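So the chains spell out like this:
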Amino acid sequence: MHRLATLLFFLAAAPLSAGERVAFFGITLLDDTVQTARGNEAEQERTRMLETLVADRFAAEGYELVDIAPVQDKLDRVVNPAKCNGCDARMAADLGADFALVGEVQKVSNLILSMNLQLRDATSGETIKGRVVDIRGNTDESWSRGMRYILKTAFFPE
């Protein structure tokens, strides 16, 4: 348990340097509920909203978001870049990026969702920073509040 706490401390404390290159592969929505029809447009729009929020924050902090178009054919064959046995880091390295950035929103029910954002070293594939939060409520406000919390506490603490 002590090792895990130490690892989590160092992950949260590891500094990033503005100007580094980040390959952002988006946020994957995982919906295994039977409560909603597949392809819920509101949730797809919320996913796009989170991607914009993350990309804008990294850009505002001085990071260069690289164009992922050169690896789009590889990315299209991946169901979830956050869980692809390191394919995200390999694609980021192919793009000349320093880091791969991936996220997920897992819908447990219409009330409970879990979201995470992970930054991995493109060379080693090791997670540099990351956080998982559970949110209550399936609204624009709850989704954006959850991601802003992740960004504030794990990536860009004040």
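To start, this report covers the structure provided alongside it.

What counts and how
Residues numbered from 1 in each chain as written. Predicted model: local features only at pLDDT ≥ 70, side-chain atom pairs only at ≥ 80, totals over all residues. Heavy atoms only, no water. Helix = DSSP H or I, 4+ residues; strand = E, 2+ residues; numbered from the N terminus. Polar contact = N/O pair within 3.5 Å; in protein donor to acceptor, adjacent residues only side chain to side chain. Contact = heavy atoms within 4.5 Å. Buried < 20%, exposed > 50% of the residue type's maximum accessible area, 1.4 Å probe, protein only. Pairing = 2+ DSSP bridges.

Another point: the side chain of Glu104. Its location among the elements puts Glu104 in strand β3 (residues 99–107). There is a polar contact of 2.9 Å between the side chain of Glu104 and the side chain of Lys83. A distance of 2.7 Å separates a polar atom in the side chain of Glu104 from a polar atom in the side chain of Asn116. Discounting chain neighbours no more than four positions away, the residues touching Glu104 are Ile27, Thr28, Leu30, Asn80, Ala82, Lys83, Ser114, Met115 and Asn116.

The next subject is the pairing of β3. In terms of burial, β3 is largely enclosed, as 8 of its 9 residues are buried. For strand β1 (residues 21–31) and β3, the ladder comprises 8 bridges, and the chain directions are parallel. Note that in β3 the partner of Ile27 across the bridge is Gly103. Here β3 runs beside strand β4 (residues 112–121); their pairing, made up of 9 bridges, is antiparallel. Residue pairing across strands places Leu101 opposite Leu119, the latter belonging to β4. Connecting the antiparallel pair β3 and β4 is a turn made up of 4 residues.

Topologically, Glu126 is positioned in the loop between β4 and β5 (127–136). In this structure the C-alpha to C-alpha distance between Glu126 and Ala100, which are 26 residues apart in sequence, comes to 10.0 Å. The residues touching Glu126, leaving out its near neighbours within four places in the chain, are Leu119, Arg120 and Asp121.

Looking now at the sheet that holds β4. One open sheet accounts for 5 strands, arranged β2-β1-β3-β4-β5; its pairing is mixed. For this open sheet the edge positions go to β2 (64–65) and β5, each flanked by a neighbour on one side alone. By the bridge criterion, 9 bridges tie β4 to β5 in an arrangement that is antiparallel. Its bridge partner being in β5, Gln118 is matched across the sheet by Gly130.

With that settled, consider the pairing of β4. Within β4, 8 of the 10 residues are buried, leaving the element largely enclosed by the surrounding structure. In sequence, β4 turns back onto β5 through a hairpin of 5 residues, with Gly125 there showing a positive phi of about 80°.

Note on placement: Ala93 falls in helix α4 (residues 87–94). For Ala93, a relative accessible area of 39% gives the class partly exposed. Sequence separation between Ala93 and Ser124 is 31 residues; the distance between their C-alpha atoms is 9.6 Å.

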